[in-house]
Amino acid sequence: MLAPLLFLLYINDLPSRVRSKVKLYADDVLLYSYIKSETDCQALQEDLDALAQCTRIWQMEFNPSKCEFLRITNKKNPVVFNYCIEAVPIVQVAHTKYLDTTISSNLSWNEHIQRIINKAKQVNNFLYRNLREYPTHIKCNCYKIMVCPIIEYAASAWDSHTLLNIIKLESIQRTAARFCFNDFSRYSSVTNMLSSLNLPLLQARRIQANLSTFYKIINGYLIVPTDDLTPKLSSLRSGYYHQPMTLIDANKFSFFPSAIKLWNQLPADVINSSTPNEFCNNLRFCKYLHLYTYRTKTTEPTEQRIEEKKEEGLRQPRGVPPPVSG
């Protein structure tokens, strides 16, 4: 129990030895800086050298093979510089994982979403192999405990606005609903299954989580800088904020712009809730917020269409080609 404490004491002074910004978590060190010219690159390299010198003083060392360099930019001709630590070049990557969240060089979350979808599918398959004959409520609880944390972890940071990613994420829960009822028929309504299990759309849960996080930020429950938030001065819209304007999707659909857009749709009695629990309860019964924005071209099949499909299946068995006349 003493070793982690001693390790933190060893590395606690790292941020004071560099000019760049540093984030520490366990044995991970994140060093980042805004680069405008080669002079900034040299300054960042000097900080890397200072970190290496600090570890030598404390008789520790970095593992260069695990160090990565990620350049986040949308410029066509960014400043190029080869960084190194302990005289070993740092490998440049297109995306990297930090705190179990995959960050890409263009700030697209496609890579992260695909990774958590693959991981959630593996857990879904594990549950299917081992809990196939168990009651519905047990399988549903296992889905909530083992799968939901995977596809909802840090969702406020990566919540996707693209329909393709939204559908991919919803398919995880729809497959789990079929598994809970052991019903994989194409004629069955998955919407009814989700309703019976009391499982709202994942997108709706992410929207509610984003609004809850925004409420905690502006009311001081979370320590997040709010200097860039501009309140609306109109007395009729007290408690609302100006939505930041940008043409870059990575910023336009990031947490604050998207959360403010939803926040400004809420009625005053919801945003003026006195506690986070009261806010969540009021939000759950809010009639003015369009939470369910998930849309597909086709919805659940109607009973008439189901009967037509069944008749077609009886008239023409699958895999048998239609008769050729003449």
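Chemist: What is the right way to read helix H11 (residues 255-263) from this model?
Modeler: Within an α-helix, residues lying three or four positions from one another point in the same direction, as the helix has 3.6 residues per turn. Burial in H11 covers these residues: Phe255, Pro257, Ala259, Ile260, Leu262 and Trp263. On the buried face of H11, the contacting elements are helix H6 (155-158), helix H9 (202-218), helix H10 (249-252), helix H12 (268-271) and helix H13 (276-284).

Chemist: Looking at this structure, I do not really get the pairing of strand S1 (residues 21-25). What am I missing?
Modeler: Each regular strand carries side chains that alternate between the two faces of the sheet. As judged from the five bridges shared by S1 and strand S2 (residues 28-32), these two strands associate in the antiparallel manner. Across the sheet, Leu24 pairs through a bridge with Val29, a residue of S2. From the end of S1 to the start of S2, which pair antiparallel, there are two residues, and Ala26 there has a positive phi angle of about 55 degrees.

Chemist: How should the packing of aromatic side chains be read in this particular structure?
Modeler: Aromatic ring pairs are defined here through the distance separating the ring centres and the angle between the ring planes. A full pass over the atoms with the stated rule returns 11 aromatic pairs. Ring geometry for Trp263 and Phe279: centres 5.7 Å apart, planes at 25 degrees, overall stacked. Here the residue Trp263 occupies a position in helix H11, and Phe279 occupies one in helix H13, the gap between them amounting to 16 residues. Here Trp263 matches Phe279 in class, with each residue buried. Put simply, the rings of Phe214, Tyr215, Tyr221, Tyr241, Phe255, Phe256, Trp263 and Phe279 pair up and form one aromatic cluster. Above the plane of the ring of Phe179 lies Lys139, whose end atom (NZ or CZ) is 4.9 Å from the centre.

Chemist: Help me understand the packing of helix H3 (residues 110-130) against helix H4 (residues 136-146) in this model?
Modeler: Geometry of a packed helix pair, given as the angle between the helix axes and the separation of the axes. At a minimum axis separation of 11 Å, H3 and H4 run at an interaxial angle of 155 degrees. Compared by their axis directions, H3 and H4 come out roughly antiparallel. Our pair here, H3 against H4, has a crossing hand that is right-handed. On H4, the residues touching Val123, Asn124, Phe126 and Leu127 of H3 are Cys142, Tyr143 and Met146. When its residues are assigned to classes, the contact of H3 with H4 shows six nonpolar, one polar and no charged.

Chemist: Looking at this structure, I do not really get the packing of H9 against H11. What am I missing?
Modeler: At a closest axis distance of 10 Å, the pairing of H9 and H11 adopts a crossing angle of 95 degrees. The orientation of H9 with respect to H11, classified from their angle, is roughly perpendicular. Within the contact between the two elements, H9 uses Ile207, Asn210, Leu211, Thr213, Phe214, Tyr215, Ile217 and Ile218 and H11 uses Phe255, Phe256, Ala259, Ile260, Leu262 and Trp263. A class-by-class count of the residues in the contact of H9 with H11 yields 12 nonpolar, two polar and no charged.

Chemist: What is the right way to read a nonpolar patch on the surface from this model?
Modeler: On the surface, a nonpolar cluster with roughly 400 Å² of combined accessible area is contributed by Leu2, Leu5, Leu6 and Leu9. Judged by its relative accessible area of 48%, Leu5 is partly exposed.

Chemist: Can you help me understand H13 in this one?
Modeler: Those residues of H13 lying buried are Pro276, Phe279 and Leu283. Along the axis of H13, the buried positions cluster into a sector of 55 degrees, meaning they face one direction only. The inward-facing, buried residues of H13 contact H9, H11 and H12.

Chemist: What should I look at first to understand the pattern of salt bridges in this one?
Modeler: Between side chains of opposite charge, a pair can form when the charged atoms approach closely. All chains considered together, the criterion is met by six salt bridges. A salt bridge links Arg56 to Glu86, with the shortest nitrogen-to-oxygen separation between them at 3.1 Å. In this pair, Arg56 sits in helix H2 (residues 38-57) while Glu86 sits in the loop between strand S4 (84-85) and strand S5 (88-89), placing the two residues 30 residues apart along the sequence. Looking at Glu86, the relative accessible area reads 31%, which means it is partly exposed. The partner of Asp100 in a salt bridge is Lys97, and the shortest N-O contact between them spans 4.0 Å. For Lys97, a relative accessible area of 52% corresponds to the exposed category. Within the structure, one salt-bridge network assembled from shared partners comprises Lys97, Asp100 and Arg115.

Here is what the cut-offs are and how they apply
Residues numbered from 1 in each chain as written. Predicted model: local features only at pLDDT ≥ 70, side-chain atom pairs only at ≥ 80, totals over all residues. Heavy atoms only, no water. Buried < 20%, exposed > 50% of the residue type's maximum accessible area, 1.4 Å probe, protein only. Helix = DSSP H or I, 4+ residues; strand = E, 2+ residues; numbered from the N terminus. Contact = heavy atoms within 4.5 Å. Pairing = 2+ DSSP bridges. Phe/Tyr/Trp six-rings, centres within 6.5 Å; stacked < 30°, edge-to-face > 60°. Lys NZ or Arg CZ within 6 Å of the ring centre and 35° of its normal. Axes fitted to C-alpha atoms, helices over the stretch in contact; angles between N-to-C directions. Parallel < 35°, antiparallel > 145°, perpendicular 65-115°, else oblique. Left-handed = near helix turned anticlockwise from the far one by under 90°. Nonpolar A, V, L, I, M, F, W, Y, C, P; charged D, E, K, R; others polar. Patch = residues over 30% accessible without salt bridge, like charges linked within 9 Å, V, L, I, M, F, W, Y side chains within 5 Å. Areas by Shrake-Rupley, 256 points an atom, 1.4 Å probe, with all protein chains shown as cover. Salt bridge = Lys/Arg side-chain N within 4 Å of Asp/Glu carboxyl O. Arc of directions from axis to C-beta.

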